Amino acid sequence: MTVDDANTGDGRSGPPEPPETAAPAEASAYPTPHHAVDHTVEPTDDPLAIRLEQLILGADRRYTPFQAARTAGVSMELASRFWRAMGFADIGQAKALTEADVLALRRLAGLVEAGLLSEPMAVQVARSTGQTTARLAEWQIDSFLEGLTEPPEPGMTRAEVTYPLVELLLPELEEFLIYVWRRQLAAATGRVAQAADDEEMVDRRLAVGFADLVGFTRLTRRLEEEELGELVEAFETTCADLVAAHGGRLIKTLGDEVLYAADDAGIAAEIALRLIETLSQDETMPALRVGIAFGTVTTRMGDVFGTTVNLASRLTSIAPKDAVLVDSAFAQELTRTGEVPVSEAGVAEEAALAEKEGRPPRSYRFALQPMWQRSVRGLGVVEPWLLNRRPT
């Protein structure tokens, strides 16, 4: 399903064109990042690799890209766009595709023909799925199979261990992947169903937080690669667990930085302070700083974009060590929802009145301290607030 370029674009064969033929317009408009392309897709003659491929794909190689497109009843142009969107390199006219490739192509094209998806949306489905599962597959091989495929006994080859191991793991991992995907789909669908209107489904008001390790670049020059990898993994794991446990959504990890979002400002604040409190107890972990902003966010392919996201990033860069900075909109949202008091003077008055009436005073979860206004590149003057827990 790659650009064979030996077709007329409508599924019929035609005179071959040079391999250097320009990619379709969509491919140039939405280029696949080089690191996301599986450059090992070229057919191999290695017997073990072929056996593993047949085991995992559940079918033998039968088709060239053009034959697969023709069998699926779609044009080579559309087949190429789907294949590249999934992150796979061109394979010319090698006979490397299977019945599963034909079926997947037919299904995706069928959604377009039925009017359930537009063609650009179908390409986005292929791209988002390909990018997500590519990372998952790389992680499973690097961190999981690499260790397990070490020969358990002297004299055993890696090949003698790998095939039976994959054969045992494949159905279990496949079932678990489907389970997690359905769970995530149910959660995402629920959020859409609760949106106030159609516009809110795309441009939503969210709290967006960045958590960043301080001095990470210097740390990379001091630590061995294995130590650095363990530190990053511990950081990402801790952040992912805390974000999920307290009701946020981990958007992405960037080695020394994580981006998360929450529908509720109180949840975002709790996550930020938990991150600071938890990681500060780990002597091997550098200091952490967090920036949070609240406002309209555009969501696309699982990521978030917009001024709110940029502001959260800028606040992170100016936050003190082991501290959380938030923007004025976030501070106002915490006040509106009763997470922080309108004023400290009001708190004292309210406490005195509660004591007089013999009832417990109102409690607040967080405290905000105004910081100096400052100019932030690209965003103008911002008014940051230092977020802390309120003493009990």
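Structural data are supplied above this passage.
This one's a predicted model, so the numbers in the text were calculated from it and none came from an experiment. (Residues numbered from 1 in each chain as written. Predicted model: local features only at pLDDT ≥ 70, side-chain atom pairs only at ≥ 80, totals over all residues. Heavy atoms only, no water.)

**With respect to the packing of helix H4 (residues 76–85) against helix H5 (residues 99–113)**
In step 1: Where H4 contacts H5, the two axes come as close as 11 Å, and the packing angle between them is 105 degrees. Considering the angle they form, H4 stands roughly perpendicular to H5. Within the contact between the two elements, H4 uses Leu78, Ala79, Phe82 and Trp83 and H5 uses Asp101, Leu105, Leu108 and Ala109.
In step 2: In terms of residue class, the contact of H4 with H5 is built from 7 nonpolar, no polar and 1 charged. (Axes fitted to C-alpha atoms, helices over the stretch in contact; angles between N-to-C directions. Helix = DSSP H or I, 4+ residues; strand = E, 2+ residues; numbered from the N terminus. Parallel < 35°, antiparallel > 145°, perpendicular 65-115°, else oblique. Contact = heavy atoms within 4.5 Å. Nonpolar A, V, L, I, M, F, W, Y, C, P; charged D, E, K, R; others polar.)

**A closer look at the pairing of strand E3 (residues 257–262)**
In step 1: For E3, the buried fraction is high: 6 of the 6 residues fall into the buried class.
In step 2: Taken together, the 4 bridges between strand E2 (residues 249–253) and E3 define a ladder with antiparallel strand orientation. Among the inter-strand pairings, Arg249 is bridged to a residue of E3, identified as Ala261.
In step 3: Taken together, E2 and the strand that follows it, E3, pair antiparallel across an intervening segment of 3 residues, in which Gly255 is found at a positive phi of about 80 degrees. (Buried < 20%, exposed > 50% of the residue type's maximum accessible area, 1.4 Å probe, protein only. Pairing = 2+ DSSP bridges.)

**Details of H5**
In step 1: Under the 1.5 Å per step criterion, the end-to-end length of H5 is 20 Å for 15 residues, consistent within 8% with the ideal 21 Å.
In step 2: The complete set of buried residues in H5 reads Asp101, Val102, Leu105, Leu108, Ala109 and Val112. Within H5, the buried residues cover an arc of 140 degrees as seen down the axis, which keeps them to one side.
In step 3: At the N-terminal boundary of H5, the capping side chain belongs to Thr98, with an oxygen 3.2 Å from the backbone nitrogen of Ala100.
In step 4: Gly115 lies just past H5 and shows a positive phi near 80 degrees. (Expected span 1.5 Å × (residues − 1). Arc of directions from axis to C-beta. Polar contact = N/O pair within 3.5 Å; in protein donor to acceptor, adjacent residues only side chain to side chain.)

**Thoughts on the pattern of salt bridges**
In step 1: Under the criterion given, the structure shown has 13 salt bridges.
In step 2: Where Glu53 meets Arg61, a salt bridge forms, and the shortest distance between an N and an O atom there is 2.8 Å.
In step 3: Classification of Glu53 as partly exposed rests on a relative accessible area of 22%.
In step 4: Residue class for Arg61 comes out partly exposed when judged on its relative accessible area of 24%.
In step 5: Where Arg62 meets Glu99, a salt bridge forms, and the shortest distance between an N and an O atom there is 2.6 Å. (Salt bridge = Lys/Arg side-chain N within 4 Å of Asp/Glu carboxyl O.)

So far we have only geometry, and geometry alone does not tell us how the molecule works.
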